[in-house]
Amino acid sequence: MPEINVTPLGAGQDVGRSCILVSIGGKNIMLDCGMHMGYNDDRRFPDFSYITQNGRLTDFLDCVIISHFHLDHCGALPYMSEMVGYDGPIYMTHPTKAICPILLEDFRKITVDKKGETNFFTSQMIKDCMKKVVPLNLHQTVQVDDELEIKAYYAGHVLGAAMVHIKVGSESVVYTVSVNKYAKSHISAWIDKCRPDILISESTYATTIRDSKRCRERDFLKKVHETIERGGKVLIPVFALGRAQELCILLETFWERMNLKAPIYFSTGLTEKANHYYKLFITWTNQKIRKTFVQRNMFEFKHIKAFDRSYADNPGPMVVFATPGMLHAGQSLQIFKKWAGNEKNMVIMPGYCVQGTIGHKILNGQRKLEMEGRATVRLLISFALTKRLIHVGKLLACVFCFHTLQLDVKLQVEYMSFSAHADAKGIMQLIRMAEPRNMLLVHGEAVKMEFLKGKIEQEFSIDCYMPANGETATVTTNPSVPVDISLNLLKREMALGGPLPDPKKPRTMHGTLIMKENSLKLVSSEQALKELGLNEHQLRFTCRVQLQDPHSDPDTLHRIYTHLKSVLKGYTIQHLPDGTVMVESIVIKVSSSAEDTNAKVLLLSWSYQVKHRHCPCSRLSKLGQKHNRLKT
């Protein structure tokens, strides 16, 4: 039986570094190629040695598909394509293609230029990688090669995020790591009832059922307002796209309604570019935003201004959106260090934080943090050439000393999930939409995944898999082959009578299967002969029935004829001059054994067509058991 193999190289019983290898119908596809934000060494990248120990990945992969632009799904892409080696096609939507290189370059600057790390991709590698990208349009089937085809659906996670339906022949897989039909105020998601062999879905919030979005928004605005009223500062760490735009729209509307004067800032540069792309791809947002955009641009903010790092030391209340969202580096971490010691201030974490990040630590109640600091020591060195005093000079040298600082966290820490990841209810709704034959969970914590796995198997009666990184889940498929049926054959079947066919139940059809132009068609034998230009041949079946009868062969045949006339009412039975009896198209002949004239052999012969219709064959074959009735 055909098999589909799924191996997580990242995000297997883990959050971050999403990278799933799927082998289907002889094709190898890599789904996402992300980076783990909790590591600063080689563990941040997927382990590509599972694909090949040496050599370029081009020889082993048919294509790479990126679901969206978050770095835990695309952050390792230049490393994979330019440093490990891959020259094949990389598929992603138009917004993802536009935004992905911006986020990659921003992270490269933080990692290489500011932290001084090595073994990392360069700006040129990002550009070379993006040259291999093939943009996807929604709901358009893309033929990767003669057998492999992919189709993108909008996932509703962030701008441009896509679910992907992958097909090879009759086998199929749907991949969506971060679908959320209801989480966002400005984008939305759906998928056809495509019934794939496997649905691969994220499970970040596998045990969570969120309260209503309106309640979360009201609670968020209340916390921000209370902090501002007492003169505190609010830090909201966000990733540049998705959550930032949603919360900006929320605060902009609230500030306008309440006539508040406290300044709201967002990180310059990256978020400005993010807002630019939201405006550019406004057609990818939901109907409400598109309709409002005709009257005014919802991404043009009156109360929200660009942030300068010097503003962090300004007195008085303020709200700052700063990247990145897990407090693992960048401007959000620098602001957090400055504001952490004041209990009037607040940090609101609006999304998931992976283990190892500052965001994860403070959400788990840690109040004393060891932070890596950098001090600059300036050395003034005088030097001279003695013997003959030719020159005396001074050299100013800078030495960077890295050390650990302890930070006391006194500000209030709030977690208010505006995450674009689906909760348990959303994942179950996704299963109802797609109706998969099997389920596979990735991008989650093992204990929570185990709980959701049990719920899925109980409610939907399908197998659910949750392989760890490096483990392979093998799913045996039962591929269906689509066949067209000729109208004449259907009419013939209906003419035979019987109840009308139930569309939900299988029904046996008899005909000739022909293949023309890579499609199969079931037709009548007469139509098949005509279309293929073949001559008809008659195929008959025979069987032998042994019986004992002392009479001559003609007398035995006559007695059989008389007996059949009495038991087979409604059938045409003839005794022919050539010494045979015919029941419909079944021919019966009697012969004696040379050694024993009482041992008769009854020869029955019938056509192929008779074999598959209601006929007296089975009753005739029992004549041997009833031969005593023929005796005198």
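That block above? That's the structure.
Everything numeric in this text was worked out from a predicted model, so none of it was measured.

Participant: Describe the side chain of Gln-527, naming the residues involved and giving the relevant values.
Facilitator: The topology assignment puts Gln-527 in helix α14 (residues 525-532). Residue contacts for Gln-527: discarding those within four places in its chain leaves Ser-486, Asn-488 and Lys-521.

Participant: Quick rundown of the sheet that holds strand β15 (residues 318-322)? Include the residues and the values.
Facilitator: A sheet is described by the order of its strands in space; here 6 strands give the open sequence β14-β13-β15-β12-β16-β19, paired in parallel fashion. Among the strands making up the open sheet, the edge pair consists of β14 (304-307) and β19 (412-415). The average undirected angle you get between the axes of adjacent strands in this sheet is 25°. Two elements, strand β12 (residues 233-237) and strand β16 (residues 346-349), share 2 bridges in a ladder whose sense is parallel. Bridge assignment links Leu-235 to a residue of β16, and that residue is Val-347. Lying on the sheet, helix α9 (residues 330-339) is in contact with β12, β13 (264-267), β14, β15 and β16; it crosses β12 at an angle near 150°.

Participant: Kindly report on the nonpolar core, identifying the contributing residues and their values.
Facilitator: Counting residues in each nonpolar core, the largest one holds 124 residues, and the members touching the most others are Phe-48, Ile-200, Phe-336 and Ile-362. Excluding residues within four positions of it along the chain, Phe-336 makes contact with Leu-235, Leu-327, Val-347, Ile-358, Ile-362, Leu-369, Leu-407, Val-409 and Leu-411. Formed by 27 residues, the second largest nonpolar core is a distinct cluster that contains Phe-220, Val-238, Ile-264 and Ile-348.

Participant: If you had to explain the packing of aromatic side chains to someone new, which residues and values would you point to?
Facilitator: According to the stated counting rule, one finds 10 aromatic pairs in the structure shown. A ring pair is formed by Phe-45 and Phe-120, whose centres lie 6.1 Å apart and whose planes are at 40°; its orientation type is tilted. With Phe-45 in the loop between β3 (27-31) and β4 (63-65) and Phe-120 in the loop between α3 (94-114) and α4 (123-130), the pair connects residues that are 75 residues apart, well separated along the chain. The exposure class assigned to Phe-120 is buried, which follows from its relative accessible area of 8%. An aromatic cluster is present here, built from Phe-45, Phe-48, Tyr-79, Phe-107, Phe-120 and Phe-121 joined pairwise through their rings. In this structure, Arg-44 is placed above the aromatic ring of Phe-45, and the distance from its NZ or CZ to the ring centre is 5.9 Å.

Participant: Give a detailed account of the sheet that holds strand β25 (residues 519-523), specifying residues and quantitative values.
Facilitator: The 3 strands are arranged β23-β25-β24 in an open sheet whose pairing can be described as mixed. Of all strands in the sheet, those bounded by a partner on one side alone are β23 (483-485) and β24 (512-516). Taking the axes of each pair of neighbouring strands and ignoring which way they run, one obtains an average angle of 30° across the sheet. As paired strands, β24 and β25 are joined by 5 bridges and run antiparallel to one another. Bridge assignment links Leu-513 to a residue of β25, and that residue is Leu-522. Along the sheet, α14 contacts β24 and β25; its crossing angle with β24, the most-contacted strand, is approximately 30°.

Reading the values: the criteria
Residues numbered from 1 in each chain as written. Predicted model: local features only at pLDDT ≥ 70, side-chain atom pairs only at ≥ 80, totals over all residues. Heavy atoms only, no water. Helix = DSSP H or I, 4+ residues; strand = E, 2+ residues; numbered from the N terminus. Contact = heavy atoms within 4.5 Å. Pairing = 2+ DSSP bridges. Axes fitted to C-alpha atoms, helices over the stretch in contact; angles between N-to-C directions. Core = buried A, V, L, I, M, F, W, Y, C linked by side-chain atoms within 4.5 Å. Buried < 20%, exposed > 50% of the residue type's maximum accessible area, 1.4 Å probe, protein only. Phe/Tyr/Trp six-rings, centres within 6.5 Å; stacked < 30°, edge-to-face > 60°. Lys NZ or Arg CZ within 6 Å of the ring centre and 35° of its normal.

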